[in-house]
Protein chains: 2
Amino acid sequence: MAQLPTVSDVARLAGVSRQTVSNVLNSPAIVLPDTRGRVEAAIDELGYRPHASARRLRTRTSSTIGIRLDPETNGISGTVLDRYLHALTEKAAERGLRMMLFTARDHHDEVDQFRALRDGADVDAVILTATSFRDDRIDWLVEHDMPFVTFGRPWGSDFNDPAVPWVDVDGFAGTSQATRHLLGRGHRRIGYLGWPDDWGIGKERRDGWATAMAEAGIAGDELADLSWRTDDGVPNARQIIERLLADEAGVEALVCVSDSLALGAMMAVREAGHPHFPVIGFDNSAVARAVGLSSVDQRLDQVAAASLQILFGDGSRVVPIDEADAATRHSLIEPRLVVRRSSHLAPVEEEAGSTRTGNHNRKE
Amino acid sequence: MAQLPTVSDVARLAGVSRQTVSNVLNSPAIVLPDTRGRVEAAIDELGYRPHASARRLRTRTSSTIGIRLDPETNGISGTVLDRYLHALTEKAAERGLRMMLFTARDHHDEVDQFRALRDGADVDAVILTATSFRDDRIDWLVEHDMPFVTFGRPWGSDFNDPAVPWVDVDGFAGTSQATRHLLGRGHRRIGYLGWPDDWGIGKERRDGWATAMAEAGIAGDELADLSWRTDDGVPNARQIIERLLADEAGVEALVCVSDSLALGAMMAVREAGHPHFPVIGFDNSAVARAVGLSSVDQRLDQVAAASLQILFGDGSRVVPIDEADAATRHSLIEPRLVVRRSSHLAPVEEEAGSTRTGNHNRKE
DNA sequence: CTCACCGGTTTGATCGATCAAATAACGAGA
DNA sequence: TCTCGTTATTTGATCGATCAAACCGGTGAG
């Protein structure tokens, strides 16, 4: 097979110089229309494709974004990261960007990877997920001014610092939406099943429920009696619900901090003979869709789009921090409640299109 | 900030030539130990990192593997691809390889991406998933001898063709394992809930059940009466099971082609008041783990390892097709049944470690 | 005594693109 | 007519690494 065509080959065929070919590709506006036409014809004829690595070497940009992907996905909601990745890949492709994956044992190792990726011009920016309280990776990235954005607010730091750009989903809005939906359907004693945490996401989601309840006039001790805490996981939810049903606590409906807990709750109430006891989850995971569980959707496509907007503005070149508008460096996405059977007293139709799900290996 | 150090800087500091530095990095064996020591010291002192793009330009290799990732994950089992990706990323990292993602609208577009990725030396090889019957992408890859491996057998082609390397999971073995497990626990009338397909994976998994049943002396009409077909999806399974229970068909246990169907079946039997009716699924998805559903695990880490083995042998450079041993171009992985509560008559303990699952944003 | 060959190292060319500066072509204004 | 400015295009250098060939002192065979 012959050598791959290069800019020189195209130039020769079109009767112009290399640089003109380069201009046609990178700044077509400055090339005379008919020259441009000749060059484009030559490109087509030869089937020329720019050599990405050569361009990277020269320009020191890669049009690639790095993101860490760890071995095990944990739990039903662990797939949030995966869905975010899918959305990112798609939105990135629309801008001519690509995603590159890497793994790391710990934060320190991850920082090493950052360095290698940056020094090798492998990535223009990285996306940080699973941010922890006072995350040291963030400090490193800021200090070495490597472009990045985090999915998840930098808990423990200043949310308004433009040097630490982030995108996140408004958990407060999510659970209050869910709660108001149930209030709107006439329920009053709406319980909340959440994590034990008293900070961050766990607290925020609980606050969303509490606030919506307060608006409906339920507060104080009555509210406190409707709140449960447990670690994530289907069996944990089952236990609590079974106890709760036995106690005849008078709970009419349930908002849960995650789909895992919601699924456990849903199974428990149904098996106890309450097929229409309303339950709402959080994450809108595949399971929620599959079993007809109402759930708060994180709108990961919007999260992905916002992530790229912060990093690249409207184009596909990284926006330098000093040129960025401080107001555009953070984005809190409003989630959306997806209503399904599980939150309706009367059975309703399945959401359209949810019945046929495919196996990855099946014929299209 | 100063320029990044290059091989020349290292060479100057170590008092050797550029090429020697290059040799230390790429074929350390041919460099005299003490020269190598000096060079390594210089590398450390300067914090030198090779510039990946420069290397790619020169060598036309990238140590990167491409894989297509589509926008939507469909269904509970759609996460199989994600888990494969996680495993790949990890196993690749062990060999110094990285994964790069791309999307495509259709097969034709995907082939275009292959071309761009190859021509730009962006990837050394690609991994094909969701292979279809007589897949035209495979033809293109073979014709343009671009290294690749498929996850999923090339249905409709010659499975033994060394030009079409593949890794897959033995569905037959999976369902027969599941069936034998139930037989071993004393059940005889074990039903099978599968897809309507009469080819490929769907057929193979059904055959696994049928064969195991035949070994136990159940065949012919009796066997046929125990087999159901439906499209994937929780509600579909529910419907069938509800009918089946109403008919008093005398089914004692159920093997399902997927976790979606198994989950639907499990929920239906429990809500009908049969908490210990044994159900086994396929894929060992997060949901299965969460709800205590026995399921056939695809061992995606082994699939990933086998994929890389085929492409890269024991190293991290692509094995040319003509040097490859035809016998090592295909790999059928034996899946493993993970037994949980759902397949036991008497309730047993939850699998250890499965109760606490995390949200991607939570504190570590 | 010549010469091929050895391991270890150096030198110059090269991969394919873009950058920066130089050049050519052409028209407007003095 | 000559200069100046603008626009379109060309030329040479460069990014950071590896490749291919040359080099070098030393050995052993013919």
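Predicted model only: the values in this text are computed from it and were never measured. (Residues numbered from 1 in each chain as written. Chains lettered and ligands numbered in written order. Predicted model: local features only at pLDDT ≥ 70, side-chain atom pairs only at ≥ 80, totals over all residues. Heavy atoms only, no water.)

Q: I would appreciate a short explanation of the overall build of chain A in the present structure.
A: Counting its regular elements, chain A contains 14 helices and 12 strands. In terms of principal-axis extent, the alpha carbons of chain A reach across some 85 × 50 × 35 Å. Looking at chain A as a whole, 57% of its 364 residues are labelled buried. Within chain A, residue pairs in contact and separated by at least 24 positions form 67% of the contacts whose partners lie at least 6 positions apart. Carbon together with sulfur atoms contributes 48% to the accessible area of chain A, which is approximately 15,100 Å² in total. (Helix = DSSP H or I, 4+ residues; strand = E, 2+ residues; numbered from the N terminus. Buried < 20%, exposed > 50% of the residue type's maximum accessible area, 1.4 Å probe, protein only. Contact = heavy atoms within 4.5 Å. Areas by Shrake-Rupley, 256 points an atom, 1.4 Å probe, with all protein chains shown as cover.)

Q: Help me out: how do you make sense of the sheet that holds strand β9 (residues 279–282) of chain A in this one?
A: Strand pairs in the sheet, formed through backbone hydrogen bonds, run parallel or antiparallel to each other. Residues and elements named next belong to chain A. Taken together, six strands build an open sheet; the order of strands is β7-β6-β8-β9-β10-β12 and the sheet is mixed. Of all the strands in the sheet, the pair left with one neighbour each is β7 (227–229) and β12 (336–338). The sheet shows a mean angle of 20° between the axes of neighbouring strands, direction not considered. On top of the sheet, helix α9 (residues 200–215) reaches β6 (190–194), β7 and β9; it is set at about 175° to β6, its chief contact. (Pairing = 2+ DSSP bridges. Axes fitted to C-alpha atoms, helices over the stretch in contact; angles between N-to-C directions.)

Q: Would you take a moment to explain the relation of the copies chain A and chain B for this structure?
A: Both copies of the chain are tied together by a single rotation about an axis and a shift running along it. Rotating chain A by 180° and moving it 0.0 Å along the rotation axis overlays it on chain B with an RMSD of 0.2 Å. This pairing of chains is accounted for by a two-fold axis. (Least-squares fit on C-alpha atoms with pLDDT ≥ 70 in both.)

Q: In this structure, what is going on with the UniProt feature "domain: HTH lacI-type" (unreviewed entry) in chain A? I would like to understand it.
A: Annotation from UniProt places "domain: HTH lacI-type" (unreviewed entry) at residues 5–59 of chain A. Helix makes up 71% of residues 5–59 of chain A and strand 0%, whereas the separation of the span's terminal C-alpha atoms amounts to 20 Å. (UniProt positions renumbered as here; feature names shortened; annotations may be inferred.)

Q: Help me out: how do you make sense of the packing of aromatic side chains in this one?
A: Taken as a whole and judged by the stated rule, the model has 16 aromatic pairs over all chains. An angle of 85° between the planes, with centres 5.9 Å apart, marks the rings of Phe133 of chain A and Trp199 of chain A as edge-to-face. Taken together, the positions of Phe133 of chain A in the loop between β3 (125–128) and α7 (136–143) and Trp199 of chain A in the loop between β6 and α9 put the pair 66 residues apart, joining distant regions of the chain. The exposure class of Trp199 of chain A is partly exposed, given its relative accessible area of 24%. On the numbers, 6.4 Å between centres and 85° between planes, the contact of Trp155 of chain B with Trp199 of chain B is edge-to-face. Highlighted residues: Trp155 of chain B in the loop between β4 (148–151) and β5 (166–169) and Trp199 of chain B in the loop between β6 (190–194) and α9 (200–215), separated in sequence by 44 residues. One aromatic cluster in this structure is built from Phe133, Trp155, Phe159, Trp166 and Trp199 of chain A. Sitting over the ring of Phe282 of chain A, Arg205 of chain A keeps its end group 3.6 Å from the ring centre. (Phe/Tyr/Trp six-rings, centres within 6.5 Å; stacked < 30°, edge-to-face > 60°. Lys NZ or Arg CZ within 6 Å of the ring centre and 35° of its normal.)

Q: Please explain the protein's contact with DNA strand D as it appears in this structure.
A: In the vicinity of DNA strand D lie 27 residues, with Thr35 and Arg60 of chain A together with Val7, Asn26 and Arg58 of chain B positioned nearest. For DNA strand D, the fraction of atoms within 4 Å of the protein that belong to sugar or phosphate moieties is 59%. Between DNA strand D and the protein, one listed contact pairs a base nitrogen with a side-chain N or O atom of Gln19 of chain B at 2.8 Å. Between Asn26 of chain B and DNA strand D, the recorded distance is 2.6 Å, taken from a side-chain N or O atom to a phosphate oxygen. Breaking the surface near DNA strand D down by element, the ones donating at least two residues are α2 (18–26) and α4 (52–59) of chain A together with α2 (18–26) and α4 (52–59) of chain B. (Near = heavy atom within 4 Å. Polar contact = N/O pair within 3.5 Å; in protein donor to acceptor, adjacent residues only side chain to side chain.)

Q: I keep staring at the nonpolar core and nothing clicks. Help me out?
A: In summary, soluble globular proteins display a tendency toward joint burial of nonpolar side chains. Residues Leu193 and Val291 of chain A together with Leu193 and Val291 of chain B are the most contacted members of the largest nonpolar core, which totals 92 residues. Ignoring sequence-local partners within four residues, the contact set of Leu193 of chain A consists of Trp228, Thr230, Ala237, Ile240, Ile241, Leu254, Val255, Cys256, Val257 and Leu261 of chain A. (Core = buried A, V, L, I, M, F, W, Y, C linked by side-chain atoms within 4.5 Å.)

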